[in-house]
Amino acid sequence: MIINNYTDLGPRALYIHLPFCKTKCAYCSFKSFTNISNEVKDSYLEKLLVQIKSLHNFGLLSNVETIYLGGGTPSFFGHKRLVSLCYFLATCLNFSKITEFTLEANPDSISQTLVADLYALGVNRFSLGVQSFLDDELKQFGRVHDAAQAMNAIEAIKTRTNNFSIDLICGSPFQSLSSLEYCLNKVIEIEPVHVSVYPLSIEENTIFAKNGMKVDDDFQADCLLAIEDKLCSANYNHYEISSYSKKGLESQHNLSYWTAKQYIGLGSFSCSCLSKKYFETFLKALPCKSISYEGLYNDVARVRFCIENSIDDFIRNNSLTISCDNLSSKESQLEDLMLKARLLQGIPSSDIDKLNPKFLTLQNAIDKLCEQNLLNFEQKSKTYKYTKGGWLCANEVFSAIWNAKDD
């Protein structure tokens, strides 16, 4: 069975959503908001602390190993608020178990003082949204920082730790392979332990979508191949579809998502994934008068859910609206396989063999992916691994695996 101790261990990762930004980037479709007053941010923090304490009292945070402050722009939440949040987390969680505590940050809102204070409170990893090291590209993306600020932010982080990640965007119409190479050379010069590179996606209701921007799939594929060649040559391990790391320094929090560990999300528009047992405990733990959610049927093994309350509702109301995706035990096991497919170490044939009695078409789907030259079976390791084409068309692999649930 692929779900190893999934139910027994409980939540292993904690995500806290801080949906506040200085401005909205042209490509951004995330739930984040601008022009939010300090009073609202203060109230949001107070509500988070109440919920953290309540989850702690119900034992839901006792086995947490990774914490991630994401957004939005967490570094824009405010120095004092972040210090208060991190201090409070240290009182409610067993930090001897915390292997990774990440702050997501933008270059314009991080400083050496902030890094020092948060590092002292347990933050041991910083994820910096650089996106490009060229000012013209940054302006096109709608970023509020320039390349010089990005370099200053990196130097600020390095005063306390070398454990930081850089995010880049590739494949936009205003980029070229030469501009991408420039950015990759800067990354290699800076030496982050982790790099995430995402091809630009034009999402609905973004500035790019409203302006009718299109992307060239062939150019994006060329960018992704160039990135892999450059970073792997610089001793980065391509361990996940969009992620590269130095040896042993993969993102442990993100690996929780891809290896079937339960996680809790807190804050407006946050998302979680819990077993039925822990979802029911989560509902009891939240200090709300009423919670609206889809009922659970008998065969539910796993619940993926999002808090749909706006910031104002989250702060002021004693009711909570949750959207749920209820997965049966059978569906959960197939989802584990699909998520594991994000990792470039490959899918062991033994994982597929264990599921074949339940999903009669799964092996057929895997065989077809091999025929399409998206996967390749390595006889020595007994593992299905991506071909170059399969990695570039990974969504087709995910879809083929997930659709086996319909047999």
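So, here's what we can say about the structure. Only a predicted model underlies this, so the values are computations on that prediction, with no experimental measurement involved.

Parameters and conventions
Residues numbered from 1 in each chain as written. Predicted model: local features only at pLDDT ≥ 70, side-chain atom pairs only at ≥ 80, totals over all residues. Heavy atoms only, no water. Buried < 20%, exposed > 50% of the residue type's maximum accessible area, 1.4 Å probe, protein only. Helix = DSSP H or I, 4+ residues; strand = E, 2+ residues; numbered from the N terminus. Right-handed = clockwise from strand over helix to strand, strands pointing away. Pairing = 2+ DSSP bridges.

1. Here we look at the pairing of strand E4 (residues 125-131)
Moving on, step 1. Among the seven residues in E4, seven count as buried, and that is most of the element.
Moving on, step 2. Every second residue of E4 is oriented toward a common face, with Arg125, Ser127, Gly129 and Gln131 on one face and Phe126, Leu128 and Val130 on the other, all of them buried.
Moving on, step 3. Of the crossover connections in this fold, the one passing from strand E3 (residues 100-105) over helix H4 (residues 112-120) to the parallel E4 is right-handed.
Moving on, step 4. Relative to strand E5 (residues 164-170), E4 runs parallel, the two sharing five bridges. Considered in E5, the bridge of Ser127 is made with Ser165.

2. What about the sheet that holds strand E15 (residues 375-378)?
Within a sheet, adjacent strands bond to each other through the backbone by hydrogen bonds, running parallel or antiparallel.
Moving on, step 1. The antiparallel open sheet is built from three strands, whose spatial order is E14-E16-E15. Here the strands that pair on one side only, and so sit at the sheet edges, are strand E14 (347-348) and E15.
Moving on, step 2. With four bridges connecting them, E15 and strand E16 (residues 383-386) associate as antiparallel partners. For Glu378, the partnering residue across the bridge sits in E16 and is Thr383.

3. Concerning the pairing of E5
Moving on, step 1. Of all seven residues that make up E5, seven are buried, and the element is covered over most of its length.
Moving on, step 2. Residue alternation in E5 divides its side chains into two sets, Phe164, Ile166, Leu168 and Cys170 and Ser165, Asp167 and Ile169, and both sets are buried.
Moving on, step 3. Sheet topology note: the E5/strand E6 (residues 194-199) ladder contains six bridges and is parallel. Directly across from Asp167, in E6, lies its bridge partner Ser196.
Moving on, step 4. On the question of chirality, the crossover connecting E5 to the parallel E6 by way of helix H7 (residues 177-190) is right-handed.

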